[in-house]
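Here are the chains, one letter per residue:
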Amino acid sequence: MQLFKYLQAQGLGSRKECLWLIENGCIAINGEVRAQARDTISPDEVKTLEVDGKSFTVIPLPYFYILLNKPTGYETSHKPQHYPSIFSLFPANMRNIDMQAVGRLDADTTGVLLITNDGRFNHKQTSPKHKVPKVYRVTLKHPADETLCNQLKQGVLLHDENETIAAADAVLESPHILILTITEGKYHQVKRMIAAAGNRVEYLHRSHFGEWHIENIPEGGWKFIDM
Ligand code: URA
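These figures come from a predicted structure and were not determined experimentally. (Residues numbered from 1 in each chain as written. Predicted model: local features only at pLDDT ≥ 70, side-chain atom pairs only at ≥ 80, totals over all residues. Heavy atoms only, no water.)

A few points about the nonpolar core
- Of all hydrophobic cores here, the largest spans 36 residues; its most connected members are Ile115, Val138, Leu152, Leu178, Leu180, Val190 and Ile194.
- Counting residues per element, the ones that place at least two in this core are strand S5 (65-70), strand S7 (109-116), strand S8 (134-140), helix H5 (146-154), strand S11 (169-174), strand S12 (177-182), helix H6 (189-196) and strand S13 (201-209).
- Residue contributions to this core reach at least three from each of two domains, namely domain 2 (65-126 + 215-224) and domain 3 (133-209).
- Discounting residues that sit within four places of it in the chain, Val138 has contacts with His176, Ile177, Leu178, Leu180, Val190, Ile194, Val201, Tyr203 and Leu204.
- One finds Leu7, Leu19, Leu21 and Ala37 within the second-largest nonpolar core, a separate group that totals 19 residues. (Core = buried A, V, L, I, M, F, W, Y, C linked by side-chain atoms within 4.5 Å. Buried < 20%, exposed > 50% of the residue type's maximum accessible area, 1.4 Å probe, protein only. Helix = DSSP H or I, 4+ residues; strand = E, 2+ residues; numbered from the N terminus. Domains from an automatic or database assignment. Contact = heavy atoms within 4.5 Å.)

Notes on unusual backbone geometry
- A cis amide bond links Leu61 with the next residue in sequence, Pro62, at an omega value of 0°.
- Position of Pro62 relative to the elements: it lies in the loop between strand S4 (54-56) and S5.
- Non-glycine residue Glu215 carries a positive phi angle of around 50°.
- Checked against the element boundaries, Glu215 lands in the loop between strand S14 (212-213) and strand S15 (222-224).

Here's the deal with the UniProt feature "domain: Pseudouridine synthase RsuA/RluA-like" (unreviewed entry) in the protein
- Summarizing the sequence annotation, UniProt attributes the feature "domain: Pseudouridine synthase RsuA/RluA-like" (unreviewed entry) to residues 65-196 in the numbering used throughout.
- For residues 65-196, the end-to-end C-alpha separation is 34 Å, with 22% helix and 30% strand making up the annotated structure. (UniProt positions renumbered as here; feature names shortened; annotations may be inferred.)

Structural notes on helix H4 (residues 119-126)
- The complete set of buried residues in H4 reads Phe121, Asn122 and Gln125. End-on, the buried residues of H4 take up no more than an arc of 100°, which puts them together on one face. Along H4, exposed side chains directed more than 90 degrees from the buried face belong to Arg120 and His123.
- Close packing links the buried residues of H4 with S5, strand S6 (100-101), S7, S8, S13 and S14.
- Regarding H4, its N-cap is Asp118, as a side-chain oxygen of that residue lies 3.2 Å from the backbone nitrogen of Arg120 further along. (Arc of directions from axis to C-beta. Polar contact = N/O pair within 3.5 Å; in protein donor to acceptor, adjacent residues only side chain to side chain.)

Concerning the packing of aromatic side chains
- If you walk through the whole model with that rule in mind, you get five aromatic pairs.
- Look at Phe90 and Trp222: their rings are 5.1 Å apart centre to centre, the planes differ by 70°, and that puts the pair in the edge-to-face class. Taken together, the positions of Phe90 in the loop between S5 and helix H3 (92-95) and Trp222 in strand S15 put the pair 132 residues apart, joining distant regions of the chain.
- The class for Phe90 is buried, based on a relative accessible area of 1%.
- Centre to centre, the rings of Trp222 and Phe224 are 5.2 Å apart; their planes meet at 85°, and the pair counts as edge-to-face.
- Members of the aromatic cluster, joined through ring pairs, are Phe64, Phe90, Trp222 and Phe224. (Phe/Tyr/Trp six-rings, centres within 6.5 Å; stacked < 30°, edge-to-face > 60°.)

Re the domain arrangement of the protein
- By the assigned domains, the protein splits into domain 1 (3-56), domain 2 (65-126 + 215-224) and domain 3 (133-209).
- Placing the centre of domain 2 and that of domain 3 at their C-alpha centroids yields a distance of 23 Å.
- Contacts between the two partners involve twelve residues from domain 2 and, on the opposite side, eleven residues from domain 3.
- A buried area of about 930 Å², summed over both sides, lies between domain 2 and domain 3, and 45% of it is on carbon and sulfur atoms.
- Of all residues in domain 2, Asp106, Thr110 and Val112 bury the most surface against domain 3, accounting for 46% of the area lost on that side.
- One can count two salt bridges joining domain 2 with domain 3.
- The interface formed by domain 2 and domain 3 contains eight residue pairs in polar contact (both at pLDDT 80 or more).
- Top element by residues in the side of domain 2 that touches domain 3 is S7. It accounts for six residues.
- Residues of the side of domain 2 that touches domain 3, tallied by class, amount to five nonpolar, five polar and two charged. (Buried area = accessible area lost by both parts, 1.4 Å probe. Salt bridge = Lys/Arg side-chain N within 4 Å of Asp/Glu carboxyl O. Nonpolar A, V, L, I, M, F, W, Y, C, P; charged D, E, K, R; others polar.)

Here it is as structure tokens:
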């Protein structure tokens, strides 16, 4: 891949801007100044990228996968309406890159959110056909017992839907803490399921999405993951 195209793919600007940066000696890759715009770059070999001595996040190419521990108070949208966008949690160059969240979490939900530029991966993870398990730690408003778990596992009728929907698993950790596994990703699904079962979600955290979990990423933190 030619250097100027590589820099464009790193979100460093337009073709013209990237050519200017290279020709003016502003770009260093792996600590070495690179002034030839058409030099060939192997994305896998790039460990560090500096512009005018300032380090930039190196985005894996052509596809990247991010595991974000979503904090509360952020919208899963490129055009947020009430809160900042989750994409504002990333460095400036990454905000110029086309990437999408794999499903959505509500503004007040925390936990595992995958983000990628790989549309096929995204589709596979979100398609109901693939039944990817999502595990939520639900804080309930009213104390619950096994009746709630049984109701959720047998299936509940959501408002505005005509078929019941069942949890893949539901286990009470304590009267107010439910560990709920679902394999679909309908709009507000957990909150609507809990409401349909006569309780209410006070706080919602997604601990697992498929094989991925938060590990020890702090809230608001993220990392690139391998696929
Ligand atoms: N279900 C919800 O109700 N909200 C979320 O954020 C995720 C699943």
